[in-house]
Amino acid sequence: MVLGSITEVRRMLDAHRAAGRSIGFVPTMGYLHAGHQSLMRASVVANDITAVSIFVNPLQFAAGEDLGSYPRDLARDTDRCADAGVDLIFAPSVEEMYPGPMATVVDVASVASPLEGAFRPEHFAGVATVVAKLFSIMGECRAYFGEKDWQQVAVVTRMAADLSMPVEVVPCPTMREPDGLAMSSRNVYLTPDERAEAPVLRRALDAGLAMIAEGETDPAMIEAVMTDTVATASLAALDYVAAVQADTLIADGPLHGEVRLLVAVRFGTARLIDNDGGMVPGTPA
Ligand code: PAF
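So, a few notes on the structure that sits alongside this text. (Residues numbered from 1 in each chain as written. Predicted model: local features only at pLDDT ≥ 70, side-chain atom pairs only at ≥ 80, totals over all residues. Heavy atoms only, no water.)

**What to know about unusual backbone geometry**
Phase 1: Even without being glycine, Leu115 reaches a positive phi, approximately 55°.
Phase 2: Mapped onto the fold, Leu115 is located in the loop between helix H5 (109-112) and helix H6 (116-119).
Phase 3: At Leu249, a position not held by glycine, the phi torsion is positive, near 65°.
Phase 4: Within the secondary structure, Leu249 sits in the loop between strand E7 (236-245) and strand E8 (258-267). (Helix = DSSP H or I, 4+ residues; strand = E, 2+ residues; numbered from the N terminus.)

Below, the structure written as structure tokens:
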């Protein structure tokens, strides 16, 4: 069932909760792929009712980004949701979500500032604001997010905790193509030559993870090797590589405990991000 009205979605989910049914929620911007379907399936297994939102959120795109060209196909998305066992699709119009200018902005300052926040300064305020609105519409639920957007997971987890939202954020593993490229709706922007080089993100992460497994704790050394790896792809323009603590997203000295490696690369009009994590052997968390 596809609904466009906030009131109707609230009424339907309230009725399910009143009948004792648990709700799982998967927020998306549509153009769904197997990565999204893995989130839906995780929700279907753990909850009585699964709702998916499909909304290309203008607030999280800066001027000159790909809001206008972002791929959209509601008919195909509806089929993919049905395949995954989704009960309800919320596909609102921009007017339904933002009937007028928004005076309220959710800013999860510390977590949102580095990395993606440095390259896309307005992005996470747009994400946090729409996710706060979606959480308010969905009500008490478990919400499923892909780890490909590691910093986004950190931002929405912190927001839900800080604002005491009745939502459990559930991170789910990144789904990959056979050659290691993380699945993303934006992969359709890649030309065949760019697509052939795009697995360089995975290779950069693997190079960094191998150093960590061997005991390297200097973030600069790891980032240098990751940068060199990205440079082997002639069509890749690097935005950043980072070797940071997994929880704070900064490196406050030698790496220790659980660490996260992140990479952002532009290929022509496509901007790809990826990340993976590991433990520094023999160091305290
Ligand atoms: O990850 C996304 O697709 C979007 O950032 C989200 C969480 C649906 C908010 O618009």
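**Quick word on the sheet that holds strand E5 (residues 141-146)**
Phase 1: Pairing is parallel in the open sheet, where six strands are placed in the order E1-E4-E3-E2-E5-E6. Strands at the two margins of the open sheet, each flanked by one partner only, are strand E1 (2-3) and strand E6 (167-172).
Phase 2: Bridge analysis of strand E2 (residues 23-28) against strand E3 (residues 49-54) gives six bridges, and the strand direction is parallel. Counterpart to Pro27 in the pairing with E3 is Ser53.
Phase 3: Contacts from helix H3 (residues 74-84) reach E1, E3 and strand E4 (88-90) within the one sheet, and its direction differs from that of E3 by about 160°. (Pairing = 2+ DSSP bridges. Contact = heavy atoms within 4.5 Å. Axes fitted to C-alpha atoms, helices over the stretch in contact; angles between N-to-C directions.)

**Section: the site of the ligand**
Phase 1: For the ligand, the full set of nearby residues is Pro27, Thr28, Met29, Asn57, Gln60, Val130, Phe145 and Gln152.
Phase 2: Take Gln60: an N or O atom from its side chain is 2.6 Å from an oxygen atom of the ligand.
Phase 3: In the complex, the protein chains occlude 88% of the 290 Å² of accessible area that the ligand would expose alone.
Phase 4: When the residues that make up the shell around the ligand are grouped by side-chain class, the tally is four nonpolar, four polar and no charged. (Near = heavy atom within 4 Å. Polar contact = N/O pair within 3.5 Å; in protein donor to acceptor, adjacent residues only side chain to side chain. Areas by Shrake-Rupley, 256 points an atom, 1.4 Å probe, with all protein chains shown as cover. Nonpolar A, V, L, I, M, F, W, Y, C, P; charged D, E, K, R; others polar.)

The values are spatial; any link to function lies outside them.
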